[in-house]
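Each chain, letter by letter, is given below.
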Amino acid sequence: MNRSARYALRIASLALALGLWQLLTSRDVDLWLRFSQFPTVTDVARTFADRLAGPDYWTDLTDSLTRILTGFVLAAVLGVATGVLVARSRLAEDLLGPVLEVIRPIPAIALVPVAILLFPSNEQGIVFITCTAAFFPVLVSTRHAVRALAPVWEEAVRTMGGGRWRVLGSVVLPGALPGVFGGLSVGIGVSWICVISAEMISGQYGVGYRTWQDYTVVDYPGVFVGMVTIGVLGWLTSTAVELLGRRLTRWLPRTAQGTAARPKTSRSGAAPPPAGTSAARKDTRARPEEARDEHLVRD
């Protein structure tokens, strides 16, 4: 399936979901689930258009994005640094490991009272909660990625005269990048959950704050506008992290779908000879030497 067909299938699935939503809510279907209490797609779209025309929506959007990006960047820097430190140093693991493992199971949203008592403003407390939510996924992923690195790479750098910082920049950080971005992908999603919850509890402005206010005044179309906004923002930020990860790990082998179905060709572009022929036997004998030569060239 080519790319355009896949995009068409994704759009069709989204349109089908919206169509089913419109059908169930417009017909007031109540089959255990009470769809009669839900606003229709047209009601939500009408409210969405009204919000886009006003300044409050964009203020809420800016505040939420500022909080999420600030907290997430802090969590990324601190999580990667702490993960590398704990994975590379037994002293750091003994000093920081027990404290981190005790704090890690605590949900970040449960730290709202701590943030209120600790920070002088709600804005700083929300950033703290967002940072805490993303910090531990990044920390754990980085720690496991660093520990999984093959020791032979570090030994090779040290044999060539490289020091500790050379090993860190040439082996540890590049080798751990796939695991780091796995933690970042998880962390950005958890950050959105916690920042919206924190805005609902103690925020002033923000998508979460506005969504909760709409709920308190029984403005259900407005509630769904907030939900759609959160979903779109979460999808955009997660996609940005994933694309950045692919960009920085271009050296990794990529598995393309459907490659097994395509016949392998030689360097000249010709198809491989049929099995059982003398040319095929010669080609089979030549492959180990060719692979070894390519390996030497890459090294």
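Here, the structure is the one placed above.
Now for a quick tour of the structure.

**Considering the overall build of the protein chain**
The secondary structure content of the protein chain amounts to 11 helices and two strands. Listing each helix as α and each strand as β along the protein chain from the N terminus yields α-β-β-α-α-α-α-α-α-α-α-α-α. The proportion of buried residues among the 299 residues of the protein chain is 31%. For the protein chain, contacts bridging at least 24 residues in sequence account for 68% of all contacts bridging at least 6. Here the protein chain has roughly 19,400 Å² of accessible surface; of this, 65% comes from carbon and sulfur atoms.

**Re the packing of aromatic side chains**
Taken as a whole and judged by the stated rule, the model has eight aromatic pairs. For the ring pair Trp21 and Phe224, a centre distance of 5.5 Å and an interplane angle of 40 degrees mean the geometry is tilted. Taken together, the residues Trp21 in helix α1 (residues 3–26) and Phe224 in helix α10 (residues 220–248) connect sequence positions 203 residues apart. By the burial criterion, Trp21 is buried, and Phe224 matches it. Geometrically, the ring pair formed by Phe35 and Phe38 is edge-to-face, given 6.2 Å between the ring centres and 65 degrees between the ring planes. Relative accessible area serves as the criterion here: at 22%, Phe35 is assigned to the partly exposed category. The class for Phe38 is partly exposed, based on a relative accessible area of 40%. Here a set of aromatic residues connected by ring pairs shows up, and it is made of Trp21, Phe35, Phe38 and Phe224.

**Things to note about the environment of Leu149**
Summarising the element assignment, Leu149 is placed in the loop between α6 (122–147) and α7 (151–159). When the C-alpha atoms of Leu149 and Val171 are compared, they prove to be 8.5 Å apart, with 22 residues separating the residues in sequence. Not counting residues within four places of it along the chain, the set of residues in contact with Leu149 comprises Val171, Val172, Gly175 and Ala176.

**Points about the packing of helix α3 (residues 55–88) against α6**
Put simply, α3 and α6 touch, their axes get as near as 6 Å, and they point 35 degrees apart. Considering the relative orientation of α3 and α6, their crossing is right-handed. Looking at the contact of α3 with α6 residue by residue, the classes come out as 18 nonpolar, seven polar and five charged.

**Side note on unusual backbone geometry**
In this structure, Asp28 is a non-glycine residue whose phi angle is positive, near 55 degrees. Mapping Asp28 onto the fold places it in the loop between α1 and β1 (30–31). The exposure class of Asp28 is partly exposed, given its relative accessible area of 47%. Despite not being glycine, Val218 shows a phi value in the positive range, around 60 degrees. Mapping Val218 onto the fold places it in the loop between α9 (207–216) and α10. Overall, the relative accessible area of 53% leaves Val218 in the exposed class.

Criteria and cut-off values
Residues numbered from 1 in each chain as written. Predicted model: local features only at pLDDT ≥ 70, side-chain atom pairs only at ≥ 80, totals over all residues. Heavy atoms only, no water. Helix = DSSP H or I, 4+ residues; strand = E, 2+ residues; numbered from the N terminus. Buried < 20%, exposed > 50% of the residue type's maximum accessible area, 1.4 Å probe, protein only. Contact = heavy atoms within 4.5 Å. Areas by Shrake-Rupley, 256 points an atom, 1.4 Å probe, with all protein chains shown as cover. Phe/Tyr/Trp six-rings, centres within 6.5 Å; stacked < 30°, edge-to-face > 60°. Axes fitted to C-alpha atoms, helices over the stretch in contact; angles between N-to-C directions. Left-handed = near helix turned anticlockwise from the far one by under 90°. Nonpolar A, V, L, I, M, F, W, Y, C, P; charged D, E, K, R; others polar.

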